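Understanding the architecture of this molecule
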Amino acid sequence: VLNALYNLQLTDEEYYNYARQLGSDCSFFINNIPQLAFEKGDVFKPVHITLAGYYLVIIVPDISVNTAQAYSRIKPQKSRESLNKIINLPIQEWRYELYNDFEYVIFKIHPEIASIKEALYRQGAIYASMSGSGSAVYGIFEEAPALDGFDKYFIWQEKCQI
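Let us look at the structure shown here. Source: prediction; values computed, not measured. (Residues numbered from 1 in each chain as written. Predicted model: local features only at pLDDT ≥ 70, side-chain atom pairs only at ≥ 80, totals over all residues. Heavy atoms only, no water.)

Moving on to helix H6 (residues 102-109). When H6 is considered as a whole, its buried residues turn out to be Phe102, Glu103, Val105, Ile106 and Phe107. Tucked inside the fold, the buried residues of H6 contact helix H3 (67-73), helix H7 (111-122) and strand E4 (127-130). (Buried < 20%, exposed > 50% of the residue type's maximum accessible area, 1.4 Å probe, protein only. Helix = DSSP H or I, 4+ residues; strand = E, 2+ residues; numbered from the N terminus. Contact = heavy atoms within 4.5 Å.)

The next point concerns the nonpolar core. Among the nonpolar cores identified, the biggest contains 38 residues, and Ile91, Trp94, Ile106, Ile113, Leu120, Ile140 and Phe150 are the most heavily contacted of them. Counting only elements with at least two residues in this core, the list comes to strand E3 (55-60), helix H5 (91-97), H6, H7, E4 and strand E5 (137-141). Residue contributions to this core peak at six residues, all from H7. With sequence-adjacent residues up to four places away left out, leucine 120 is seen in contact with Val57, Ile59, Ala125, Ala128, Val137, Tyr138, Gly139, Phe141, Leu147 and Phe150. (Core = buried A, V, L, I, M, F, W, Y, C linked by side-chain atoms within 4.5 Å.)

A contiguous nonpolar patch, built from Val1, Leu2, Leu5, Tyr6 and Leu8 and spanning about 620 Å² of accessible area, is present on the exposed surface. Here leucine 2 lies in helix H1 (residues 2-5). Residue leucine 2 is classed as exposed on the basis of its relative accessible area, which comes to 55%. (Patch = residues over 30% accessible without salt bridge, like charges linked within 9 Å, V, L, I, M, F, W, Y side chains within 5 Å. Areas by Shrake-Rupley, 256 points an atom, 1.4 Å probe, with all protein chains shown as cover. Salt bridge = Lys/Arg side-chain N within 4 Å of Asp/Glu carboxyl O.)

Here we come to the sheet that holds E4. Ordered in space as E4-E5-E3-E6, the four strands form an open sheet in which the pairing is antiparallel. Of all strands in the sheet, those bounded by a partner on one side alone are E4 and strand E6 (154-159). This sheet shows a mean twist of 15 degrees between the axes of neighbouring strands, independent of strand direction. Pairing of E3 with E5 involves five bridges; the strand directions are antiparallel. In the strand pairing of E5, leucine 56 is matched with isoleucine 140. (Pairing = 2+ DSSP bridges. Axes fitted to C-alpha atoms, helices over the stretch in contact; angles between N-to-C directions.)

Topologically, asparagine 100 is positioned in the loop between H5 and H6. A polar contact is formed between the side chain of asparagine 100 and the backbone nitrogen of phenylalanine 102, at a distance of 2.8 Å. Among residues more than four places away in sequence, those in contact with asparagine 100 are Ser129, Met130, Ser131 and Gly132. (Polar contact = N/O pair within 3.5 Å; in protein donor to acceptor, adjacent residues only side chain to side chain.)

Below, the structure is given as structure tokens:
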């Protein structure tokens, strides 16, 4: 928006360099395309996946997760399959194959976040996970969910277009 508003004429590489200065994973959000992130979250590989027609719900509790604490306690687990292979499975199978290693740490410190994930599954999510190191939790639904019992949280819901 700033590039257009102020006619800055920044190149893609300049965008990425500025974004990296803001935060190691900020450049991920420059292109609105599905992609895998590597290294510090600033090296990308596009993936061919669509969530078009599914409903994405993000629940944000009023819980502050200490990022440094989360990273200091995480013990990444080796997956049976590559992430690229897992995300090409039917979304209904992600629940059994795709997981966020931060959940093991953060759910012990903040059990309410684990409860949110469980509640999304009870409400019909075909996949749910904590986002990054927390505290937001997202769910993917085939139909627009009622989201009963989430009144005390910030909720964002959208039907996916891509």
